[in-house]
Amino acid sequence: MKFSTLAIHGDGKTEERAGDIVQAVHLATTYKQPKLGEFQENVYTRGSNPTRLALEKHLAVIEGARYAFAFSSGMAAIDTAFHLFKSGDRILLNDNVYGGTFRYASKLFAGMGLSYDLVDDFNTLDFDRLPGDVRGIFLETPSNPLLKVTDIRRLAEKARAGNITLIVDNTFMSAYLQKPLDLGSDIVVYSATKYYSGHSDILAGALVLNDEENAARVKLLQNTLGNPLGPQDSYQLERSIKTLAVRMDRQCANAAAVVDFLRAHPKVKRVFYPSIDDEERRVQEAQSRGFGAVLSFILRDGCDPARFIDDLLLFDFAVSLGSVESLVCHPASQTHESFSAELRKKAGIEDGLLRLSIGIEDIGDLLEDLERALKAA
Ligand SMILES: Cc1ncc(COP(=O)(O)O)c(C=O)c1O
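Residues numbered from 1 in each chain as written. Predicted model: local features only at pLDDT ≥ 70, side-chain atom pairs only at ≥ 80, totals over all residues. Heavy atoms only, no water.

A. Up close: the nonpolar core. Within the largest apolar cluster, 68 residues are counted, with the highest numbers of intra-cluster contacts made by L262, L295, F297, F308 and L356. It is helix α9 (residues 244-263) that provides the largest number of residues to this core, a total of 9 residues. When residues of this core are assigned to domains, at least three fall in each of domain 1 (3-241) and domain 2 (245-376). Not counting chain neighbours up to four residues away, the residues in contact with L262 comprise V268, V271, L295, F297, L356 and L374. One finds F69, F82, F102 and F109 within the second-largest nonpolar core, a separate group that totals 25 residues. (Core = buried A, V, L, I, M, F, W, Y, C linked by side-chain atoms within 4.5 Å. Buried < 20%, exposed > 50% of the residue type's maximum accessible area, 1.4 Å probe, protein only. Helix = DSSP H or I, 4+ residues; strand = E, 2+ residues; numbered from the N terminus. Domains from an automatic or database assignment. Contact = heavy atoms within 4.5 Å.)

And the structure:
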């Protein structure tokens, strides 16, 4: 079956007793045990909840994965993934990584006995010269906020040969556009707050993988760290996933039109999007179904980014991405404020950089809004 069908039907199972055609919301925090010494699947909701399990099965189906886990936030999923490493391990992160992930590495790794290095380009990384303690790679492709593309297949081969676990944060793409497990990565994490939710009203995370041993450990961590997604949010997230493909098709088409518009505009110095550079475009086309709906750009010298933001009517000035409404954000002071000014400069995150998350509004209205704000800037 194709993605759009799987997104609606999942594994085809819903509440049998009443014949519901949508998932039932199981709010109970604890479940009756049959007898002393006899146990059933659901004992206590932190370990297992039927609504969450239904969502997790649905996530596994659309990803084509053996296992999926739903968490209370993207950071909870990322925290769980980092707990798979042990003291003494080093993890490589791309230098354009979400600021919250960087904050985790820079503030918490040392206390866990972990260390990290930032890598500017995994496509050209020389694996023969890596320190012997590198046990993990954490990658976002396209990266955040500069939309740099990494060849996942090539990186996965190298990582496997070096016994290094490859984790891909696939938030910007979703399983609809890109399936990193099929490309050889070991673990995929999501901020499901973004495209999976799609309506800026659920905070959630997901982790998907195929390896049985790691899956057992993730289940233990989810129950022990106590970070699973609650039943109401699980229900709502599953409902949102049903429209993922339709939303993303529209968002990607709108984003492509915005990219063309900005690239031709005299007040725009540079646009960042995976279709612009020939080599990145080739890799992106080979490993995904589309270019996504997030783009960044820099205004020409002398233009005022604050004025541009103020004059937008449809684009709300807010962090986050992936929802039906369009947003504008300023990475240097918002999503990437946890980077020092020096690090931001090194990673190419200029103070004048603006990031757009494109929604599903009418494209004519979006371009008109951008034109008015650019005129004012
Ligand atoms: C790429 C990426 N990964 C992870 C996260 C963290 O997710 P959450 O906000 O759901 O904890 C975000 C949040 O913005 C993100 O953009």
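Moving on from the coordinates now.
B. Representation of a nonpolar patch on the surface in the model. A contiguous nonpolar surface patch, about 320 Å² in accessible area, is contributed by F39, V43 and Y44. Within the secondary structure layout, Y44 lies in the loop between α1 (3-9) and α2 (50-63). Judged by its relative accessible area of 42%, Y44 falls in the partly exposed class. (Patch = residues over 30% accessible without salt bridge, like charges linked within 9 Å, V, L, I, M, F, W, Y side chains within 5 Å. Areas by Shrake-Rupley, 256 points an atom, 1.4 Å probe, with all protein chains shown as cover. Salt bridge = Lys/Arg side-chain N within 4 Å of Asp/Glu carboxyl O.)

C. Seen up close, the environment of A377. Considering the arrangement of structural elements, one finds A377 in the segment after α13 (363-376). Residue classification places A377 among the buried positions, given a relative accessible area of 12%. Residues A377 and D311, 66 residues apart in the sequence, show an inter-C-alpha distance of 8.2 Å. If we ignore the near neighbours within four places in the chain, the residues touching A377 are K267, L299, G302, C303, D304, R307 and F308.

D. Summary view of the sheet that holds strand β4 (residues 134-140). Strand order in the open sheet made by the 7 strands is β1-β7-β6-β5-β4-β2-β3, with mixed pairing throughout. Strand pairing shows two members of the sheet lacking a second neighbour, β1 (67-71) and β3 (115-119), which therefore form its edges. In this sheet, adjacent strand axes meet at a mean angle of 20° when their direction is disregarded. Examined bridge by bridge, strand β5 (residues 165-169) and strand β6 (residues 187-191) share 3 bridges and lie parallel to one another. Directly across from V168, in β6, lies its bridge partner V188. Along the sheet face, helix α5 (residues 152-161) touches β4 and β5 and points at about 155° away from the line of β5. Across the sheet, helix α7 (residues 212-225) touches β1, β6 and β7 (205-209), and the angle it forms with β1 is around 20°. (Pairing = 2+ DSSP bridges. Axes fitted to C-alpha atoms, helices over the stretch in contact; angles between N-to-C directions.)

The values reported here are purely geometric and, on their own, carry no functional implication.
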